[in-house]
Amino acid sequence: MTADHDPTARPVLVLDFGAQYVQLIARRVRERLAFARIVRHDITAERVRQLNPLGIILSGGPASVYDAGAPRCDPGIFDLDVPVLGICYGMQLACQAMGVAVEPAPAREFGRAELRVVDHGAPLFLGVPERSQVWMSHGDQIPDAGPDFMPLAATHTCPVAAVRHRTRPIYGLQFHPEVSHTPHGTTILGNFLDRICGNPGDWTIGAFLERAVASIESRVKPGERVVCGLSGGVDSAVCAALLARAVGERVVCVFVDTGLLRLGERESVVRAFGGRHGLELRVVDAEDQFLDALAGVLDPQEKRRRIGRVFIEAFREEARSIPAAHYLAQGTLYPDVIESGGAPDGPTANIKLHHNVGGLPSELGFELIEPLRDLFKDEVRGLGLELGLPESLVWRHPFPGPGLAVRCLGEVTRDRLEILRKADAIFLEELAAAGLERQTAQAFAVLLPVRSVGVMGDGRTYDNVIAIRAVETDDYMTADWSRLPHDLLARVSTRITNSVKGVNRVVYDITSKPPGTIEWE
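All values derive from a computational prediction rather than experimental measurement.

Asker: Requested: an account of the overall build of the protein, with residues and values cited.
Answerer: Within the protein one finds 15 helices and 18 strands. Taken over the C-alpha trace, the protein has a radius of gyration of 26 Å; the compact-globule value for 521 residues is 24 Å, and the two agree within 12%. When its C-alpha atoms are laid out on the principal axes, the protein stretches across 80 × 65 × 40 Å. Scored against the burial criterion, the 521 residues of the protein give a buried share of 56%. Nonlocal contacts in the protein, meaning residues at least 24 apart in sequence, comprise 75% of its contacts between residues at least 6 apart. Surface summary for the protein: the accessible area is close to 21,900 Å², and the carbon and sulfur share equals 50%. Mean positive and mean negative side-chain charge positions of the protein (56 and 67 charges, respectively) differ by 2 Å.

Asker: Report on the pattern of salt bridges, specifying residues and quantitative values.
Answerer: Evaluated as defined, the whole model comprises 33 salt bridges. One salt bridge in this structure joins Arg-168 and Asp-79, with 2.9 Å as the shortest N-O distance. Placement of the pair is Arg-168 in the loop between strand S8 (162-165) and strand S9 (170-173) and Asp-79 in the loop between strand S3 (55-58) and strand S4 (84-87), with a sequence separation of 89 residues. The exposure class assigned to Asp-79 is exposed, which follows from its relative accessible area of 55%. Linking Glu-429 and Arg-495 is a salt bridge whose minimum nitrogen-to-oxygen distance equals 3.1 Å. In this pair, Glu-429 sits in helix H14 (residues 414-433) while Arg-495 sits in helix H15 (residues 486-499), placing the two residues 66 residues apart along the sequence. Using a relative accessible area of 32% as the deciding quantity, one classes Arg-495 as partly exposed.

Asker: Before we move on, can you summarise the packing of helix H5 (residues 205-219) against helix H12 (residues 377-386) with the specific residues and values?
Answerer: The N-to-C vectors of H5 and H12 enclose an angle of 75°; their axes lie 10 Å apart at closest approach. As judged from the angle between their axes, H5 and H12 are roughly perpendicular. Residues Ile-205, Gly-206, Phe-208 and Leu-209 of H5 form the contact with H12, whose participating residues are Glu-379, Gly-382, Leu-383 and Glu-386. By residue class, the composition of the contact of H5 with H12 is four nonpolar, two polar and two charged.

Asker: For the environment of Asp-463, give the residues involved together with the corresponding values.
Answerer: With respect to the element layout, Asp-463 can be found in strand S16 (residues 459-472). Along the primary structure Asp-463 and Ile-25 are separated by 438 residues, whereas in three dimensions their C-alpha atoms are 47 Å apart. With sequence-adjacent residues up to four places away left out, Asp-463 is seen in contact with Val-450, Arg-451, Ser-452, Gly-502, Val-503 and Asn-504.

Asker: Can you explain the pairing of S9? Please cite residues and give values.
Answerer: Alternating positions in S9 separate into two faces, Ile-170 and Gly-172 on one and Tyr-171 and Leu-173 on the other, with burial throughout. Across four bridges, S4 lies against S9 in parallel orientation. In the strand pairing of S9, Val-84 is matched with Ile-170. Where S8 meets S9, three bridges bridge the pair, whose relative direction is antiparallel. The partner of Ala-162 across the bridge, within S9, is Leu-173. The antiparallel pairing of S8 with S9 creates a hairpin that spans four residues between the two strands.

Asker: Talk me through helix H8 (residues 287-294); I want residue IDs and the actual numbers.
Answerer: Looking only at H8, the buried set comprises Phe-290, Leu-291, Ala-293 and Leu-294. The arc that holds the buried residues of H8, viewed along the axis, is 160°, so those residues lie on one side. Of the residues flanking the end of H8, it is Gly-296, one or two places downstream, whose phi is positive at about 80°.

Asker: Which residues make up H5, and what values do they have?
Answerer: Here H5 contains 15 residues, and its C-alpha end-to-end distance of 21 Å stays within 8% of the 21 Å for a straight helix at 1.5 Å per residue. Among all positions of H5, only Ala-207, Phe-208, Leu-209, Arg-211, Ala-212, Val-213 and Ile-216 are buried. On its buried face, H5 is in contact with helix H6 (234-247) and H12.

Asker: Lay out the sheet that holds strand S11 (residues 251-257) in plain terms, naming residues and giving numbers.
Answerer: Sheet architecture is open: five strands sit in the order S12-S11-S10-S13-S14, paired in parallel fashion. Edge positions in the sheet fall to strand S12 (280-285) and strand S14 (367-369), since each of these pairs with one other strand and no more. Along the sheet, successive strands turn relative to each other by an average axial angle of 30°, direction set aside. Pairing geometry for S11 and S12, over six bridges, is parallel. Along S12, the bridge assignment pairs Phe-255 with Val-283. The strands touched by H6 are strand S10 (225-230), S11 and strand S13 (325-329); relative to S10, the strand with the most contacts, the crossing angle is about 160°.

Asker: Residues and numbers for the confidence of the model for the protein, please.
Answerer: Put simply, the protein has an average pLDDT of 88, and 92% of its residues get 70 or more. For residues 1-7, every residue scores under 50 in pLDDT, and the model assigns this stretch 17 contacts once sequence neighbours within four places are set aside. In this model residues 349-359 is a low-confidence stretch, pLDDT under 50, and it forms 20 contacts with partners more than four residues away in sequence or in other chains.

Asker: Which residues make up the pairing of S4, and what values do they have?
Answerer: Side-chain alternation along S4 places Val-84 and Gly-86 on one buried face and Leu-85 and Ile-87 on a second face that is also buried. Where S3 lies against S4, three bridges are found, and the strand directions are parallel. Its bridge partner lying in S4, Leu-58 is registered against Gly-86.

Asker: Please give an account of the side chain of Arg-262 that cites residues and values.
Answerer: Within the fold, Arg-262 resides in the loop between S11 and helix H7 (265-273). You can call Arg-262 buried: its relative accessible area is 7%. A distance of 2.9 Å separates polar atoms of two side chains, one belonging to Arg-262 and the other to Glu-265. If sequence neighbours within four positions are ignored, Arg-262 has contacts with Arg-396, His-397, Pro-398, Phe-399, Leu-404, Arg-421 and Asp-424.

The rules behind the values
- Residues numbered from 1 in each chain as written.
- Predicted model: local features only at pLDDT ≥ 70, side-chain atom pairs only at ≥ 80, totals over all residues.
- Heavy atoms only, no water.
- Helix = DSSP H or I, 4+ residues; strand = E, 2+ residues; numbered from the N terminus.
- Rg over C-alpha atoms; globule rule 2.2 N^0.38 Å.
- Buried < 20%, exposed > 50% of the residue type's maximum accessible area, 1.4 Å probe, protein only.
- Contact = heavy atoms within 4.5 Å.
- Areas by Shrake-Rupley, 256 points an atom, 1.4 Å probe, with all protein chains shown as cover.
- Lys, Arg positive; Asp, Glu negative; His and termini not counted.
- Charge placed at Lys NZ, Arg CZ, Asp CG, Glu CD.
- Salt bridge = Lys/Arg side-chain N within 4 Å of Asp/Glu carboxyl O.
- Axes fitted to C-alpha atoms, helices over the stretch in contact; angles between N-to-C directions.
- Parallel < 35°, antiparallel > 145°, perpendicular 65-115°, else oblique.
- Nonpolar A, V, L, I, M, F, W, Y, C, P; charged D, E, K, R; others polar.
- Pairing = 2+ DSSP bridges.
- Arc of directions from axis to C-beta.
- Expected span 1.5 Å × (residues − 1).
- pLDDT = per-residue confidence, 0-100.
- Polar contact = N/O pair within 3.5 Å; in protein donor to acceptor, adjacent residues only side chain to side chain.

See below:
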């Protein structure tokens, strides 16, 4: 279900000019109960008119507006009488389109700056102190607002840090209101949405749930069945619960036990969905097939390829035994759609090839249902709670599709997986006991392909090394390592080395993303 098929959801369009924070802008808009859609920067004014948006936000970007080949928007957008807010590059682009000069700044601004509001009556800055901290990231600026724009704010080195057009609903901010380093940024964005765009505040999880259920009910005809691939993660779990709300017993969930799961994963899925929500749950035992395929494989990409192939084979065999199965449901999320170039009006850059369940729709001939494709991860969690899923399932940390195979560096064997599984469970138990599970976005153990010398009792050991990793992030595109208490790390290390046979050393990964990735493989 997208806004194209949902006339009740008037979007706020976020035009993407290559901004690092474009998804964060959309999430901030959603937090104000407005439906944000990220679209390509060169979307036509006619297409914008068809989408009937509440407002338009022009994102930042790495280019300079005066460079040849710099990304631009259709200037007809400014003639639609739709409120426009330009952020950083977006402000410069809007002002340039209106005849204002943009020049290299004499002193570039990167990082924190003090903003001084010069027009206290401007609706954009209602509730914002006269002086406040903002986050800047620009090398160009507007030295003079010209006759058509009014300056609203300035910093020490930026004379025009915010503007509004005198006769059109066009506004601009040279700083980034979407980041947490701009403490009053949510107030400013809220003023734009509520006071200038007239946001009705109807983008709620409850309203989404009603519309999604109605959409699925109208699509899946009586007698037809839906196959939903359960992975144990929150996305597929919420997808399954939503389908159950819509079409009940006509949903068949297939859970493939790959042997690459976390401790107790299979049991938790069976408890959550076996005989509940009116669903039929089928569990496929495929551990032997996966481990046979991974025997002797060290390259992480080859691991992924083989896991995908075996998964398709196992899923295909089970799905074909389900009578009247016409649809495959997947827990695709909005970031997946954006980054794969899968949205009709979305950015064209293909950051990653998105393939839930290994490309099963084309291989099995099912029609695809993706009821979560308009949602971010935090909204999916909210929907899960609305559907009555247990918090322990809704707030589970993300788990990679290939499972523990990409956390078991080197060869994947039953013995090595057992070591990793036990160490991982200890780490997560201690995090939960310390009340820090929700403060970390993702936490896990990694079994390294090295051994180290140790002393246990009176004897010398030469055993495995476990690395533990915990990160904090809002969007999973960037992440910082979690500053966990030293006494917690000490307890984790002691428990793992004392109770997991074959481990004599524990290390803590303190690498951010970038330069690292969250997962090790």
